Amino acid sequence: MSKKRVLSGIQPTSDSFHLGNYLGAVKQWVDLQETHDAFYCIVDLHALTVETDPKLLRKRTLTSAAQLLALGISPEKSTLFVQSQVPQHNQLGWIMECMAGFGEASRMTQFKDKSSKAGADAARVGLFTYPMLMAGDILLYQTNLVPVGEDQRQHIELTRDIAGRFNSKYGETFAIPEGFILKQGAKIFDIQDPTAKMSKSSGSGAGLIDILDTPEVNAKKFKSAVTDAGREVKFDLVEKPGISNLLTIHAALSGKSIADLENEFAGKGYGDFKGAVAEVVVEYFRPIRAHALELLQDEAHLISILHKGSEKARSVAQITVDKAYKNLGIVL
Ligand code: TYM
């Protein structure tokens, strides 16, 4: 039996991925490439939905590639590519826009959040149509599984709805994808404000852990992470959101269970625990950071890996575009 297909994407909108990107998504990408036919894409077209600086976009696209490789994405096992190098994304994106209702698109909470931050007039049309481009990304590859964080759940539901509608109206065209969203770790919180999602765009930066930051900076951030009332290291999302977030992070990186960690830190204070979390995170990312920085020294090599991936992605994507066009009655 042929392997099931996995696809996911990440935006090149920051100088570094943060811990939420890794734990919520990329860590699963690395695991899934062992058992699935995996397509992973740096979604630079999605990054254009907000104001961008051309020099930064280029730098961040290459930095994204370097990080994905350093985190364990293997170009031999996965197809690693850049969205804009596969024009079929734009082709299917338009079809998706023509299939989605204005009402259902208007219900996307990420658009509502992001556009209210920018101010309704400053928000770009592309920010509104973003989920339809994302639906195209997924459906182009006849994807079965989409590993993402909790914040993408609604976009995947929309993708499934559009795909189902298209199939019943125009004939079987797309595989109906499923989200692959962890029970624990699909939403990593800001370590200064554990009621808010860790995100590059929110907070002061003190609660955001960038994986390419120096070990010193990250250790310091963890040592001053916000904790909760009481003194016990215990997982309790309501009473202890700060400690629960730190337990989730420790468990995901150390491989220990939350129950084992609670036992290990029984009778010890929050200070000891925060020191231990700092150490686990810093040691985990130390070699990854070094490897990513080394890969960035050779841009030509990175670009050639991406070109190869994009070439493969184009050939797979074209098959779906042809099928969708044909079923729509477009003359080929
Ligand atoms: P992006 O670039 O914002 O984030 C990349 C991945 O990181 C996850 N994530 C988190 N997970 C847990 N805790 C957090 N605090 C956290 N913050 C971010 C995101 O859920 C995501 O999986 N729309 C997507 C990119 C995209 C895409 C696609 C994804 C475009 N096309 C097709 C899958 C399939 C996005 O903006 O991710």
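Residues numbered from 1 in each chain as written. Predicted model: local features only at pLDDT ≥ 70, side-chain atom pairs only at ≥ 80, totals over all residues. Heavy atoms only, no water.

- For the protein, an unreviewed UniProt entry supplies the name tryptophan--tRNA ligase and the organism freshwater metagenome.
- On record in UniProt, under Subcellular location (unreviewed entry), the comment for the protein is "Mitochondrion". (UniProt positions renumbered as here; feature names shortened; annotations may be inferred.)

**Brief notes about unusual backbone geometry**
(1) Moving on: With a phi angle near 50°, Q142 is a residue other than glycine that sits in the positive phi range.
(2) Moving on: Relative to the elements of secondary structure, Q142 occurs in the loop between helix 7 (125-139) and strand 4 (145-147).
(3) Moving on: Overall, Q142 belongs to the partly exposed group, its relative accessible area being 23%. (Helix = DSSP H or I, 4+ residues; strand = E, 2+ residues; numbered from the N terminus. Buried < 20%, exposed > 50% of the residue type's maximum accessible area, 1.4 Å probe, protein only.)

**Here we look at the packing of helix 4 (residues 88-99) against helix 8 (residues 153-170)**
(1) Moving on: Orientation of helix 4 relative to helix 8, taken along the N-to-C sense of each, is 85°, at an axis distance of 10 Å. Between helix 4 and helix 8, the interaxial angle falls into the category roughly perpendicular. Where helix 4 approaches helix 8, its residues I95, M96 and M99 are matched on the opposing element by I162, R165, F166 and Y170.
(2) Moving on: Here the contact of helix 4 with helix 8 is built from residues that sort into six nonpolar, no polar and one charged. (Axes fitted to C-alpha atoms, helices over the stretch in contact; angles between N-to-C directions. Parallel < 35°, antiparallel > 145°, perpendicular 65-115°, else oblique. Contact = heavy atoms within 4.5 Å. Nonpolar A, V, L, I, M, F, W, Y, C, P; charged D, E, K, R; others polar.)

**Observations concerning helix 8**
Since the α-helix packs 3.6 residues into each turn, any two residues three or four apart lie on the same face.
(1) Moving on: End to end, helix 8 covers 26 Å across 18 residues, agreeing with the expected 26 Å (1.5 Å per residue, within 8%).
(2) Moving on: For helix 8, the set of buried residues is H155, I156, L158, T159, I162, A163, F166 and N167. When helix 8 is viewed along its axis, its buried side chains cluster within an angular range of 160° and face the same direction. Seen from the open side of helix 8, the exposed residues pointing more than 90 degrees away from its buried face are S168 and K169.
(3) Moving on: Looking one or two places after helix 8, you find G171, whose phi comes out positive at around 100°. (Expected span 1.5 Å × (residues − 1). Arc of directions from axis to C-beta.)

**Focus: the nonpolar core**
(1) Moving on: In this structure, L19, L68, F222, I249, L253 and F285 are the most contacted members of the largest nonpolar core, which totals 60 residues.
(2) Moving on: Apart from the residues lying within four places of it in its own chain, the contact partners of F222 are L19, I191, I209, L246, I249, K274, V277, A278 and V281. (Core = buried A, V, L, I, M, F, W, Y, C linked by side-chain atoms within 4.5 Å.)

**Notes on the domain arrangement of the protein**
Accessible area lost on assembly of the parts is the figure often given for the size of an interface.
(1) Moving on: According to the domain assignment, the protein consists of domain 1 (3-183 + 298-326) and domain 2 (203-291).
(2) Moving on: Placing a centre on the C-alpha atoms of domain 1 and another on those of domain 2 gives a separation of 30 Å.
(3) Moving on: Taken together, the contact pairs twelve residues of domain 1 with 13 residues of domain 2.
(4) Moving on: Both faces combined, the contact of domain 1 with domain 2 buries some 1100 Å², and carbon together with sulfur accounts for 74% of it.
(5) Moving on: Looking at the side of domain 1 facing domain 2, the largest losses of area belong to L19, L23 and A70, adding up to 43% of the total buried there.
(6) Moving on: For the interface between domain 1 and domain 2, the tally reads zero salt bridges.
(7) Moving on: For the pair domain 1 and domain 2, the interface holds six residue pairs in polar contact (both at pLDDT 80 or more).
(8) Moving on: Going through the elements one at a time, helix 1 (19-32) and helix 3 (54-71) are the ones with two or more residues in the side of domain 1 that touches domain 2.
(9) Moving on: Within the side of domain 1 that touches domain 2, the residues separate by chemical class into six nonpolar, four polar and two charged. (Domains from an automatic or database assignment. Buried area = accessible area lost by both parts, 1.4 Å probe. Salt bridge = Lys/Arg side-chain N within 4 Å of Asp/Glu carboxyl O. Polar contact = N/O pair within 3.5 Å; in protein donor to acceptor, adjacent residues only side chain to side chain.)

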